[in-house]
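This is what each chain is made of:
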Amino acid sequence: MAEQTRRLVLGGGTTGVVTRCRDFTRHALADWRWPAGDEAEEDVLLLVSEVVTNACLHAGGPRELVLRHGPGRLRVEVTDDSPDPPSPRPPDRGRPGGHGLILLQRLARAWGCAPTPPGKTVWLEVPAPLRDA
């Protein structure tokens, strides 16, 4: 199977963007025949929510969401206009959040950040679920 790519251009902004990205991802996974409601699908949707939320909170919103589905893996890329790489925020008892990078480390097979002038692209990879032959 050749890699298949889906791209959602967002152009920055934060209103409704997390829901829009989750819906876009859910539809792409369904087209790629990931089992609906499966733990793998739920993990991907949670990771998309976290990375997009971080772009909204720290970079004015994402410019683009790209999904790359290839043999045995899914790569998620979120591009924004901030050059600042993700960094863990110490827990603040007065504010919720601060767990996005912990989730990335636990649920993604790999993740990272690459400069994409004027900002960056945060990416993550997860294994694709095995399908019955």
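Model, not experiment: these values are computed from the prediction.

Draft legend 1. A look at the sheet that holds strand β1 (residues 4–9). Spatially, the five strands line up as an open sheet ordered β1-β2-β3-β5-β4, and their pairing is antiparallel. What marks the edges here is a single partner per strand, and that holds for β1 and β4 (110–116). Here the strands of the sheet are splayed against their neighbours by 15 degrees on average, with no regard to which way each runs. Where β4 lies against strand β5 (residues 119–127), seven bridges are found, and the strand directions are antiparallel. Along β5, the bridge assignment pairs Trp111 with Leu124. Seen against the sheet, helix α1 (residues 17–31) touches β1, β2 (62–70) and β3 (73–80) and runs at an angle of roughly 160 degrees to β1.

Draft legend 2. Region of the structure containing unusual backbone geometry. Looking along the chain, the bond that leaves Pro117 and enters Pro118 is cis, with omega of 10 degrees. Mapped onto the elements, Pro118 comes out in the loop between β4 and β5.

Analysis parameters
- Residues numbered from 1 in each chain as written.
- Predicted model: local features only at pLDDT ≥ 70, side-chain atom pairs only at ≥ 80, totals over all residues.
- Heavy atoms only, no water.
- Pairing = 2+ DSSP bridges.
- Helix = DSSP H or I, 4+ residues; strand = E, 2+ residues; numbered from the N terminus.
- Axes fitted to C-alpha atoms, helices over the stretch in contact; angles between N-to-C directions.
- Contact = heavy atoms within 4.5 Å.

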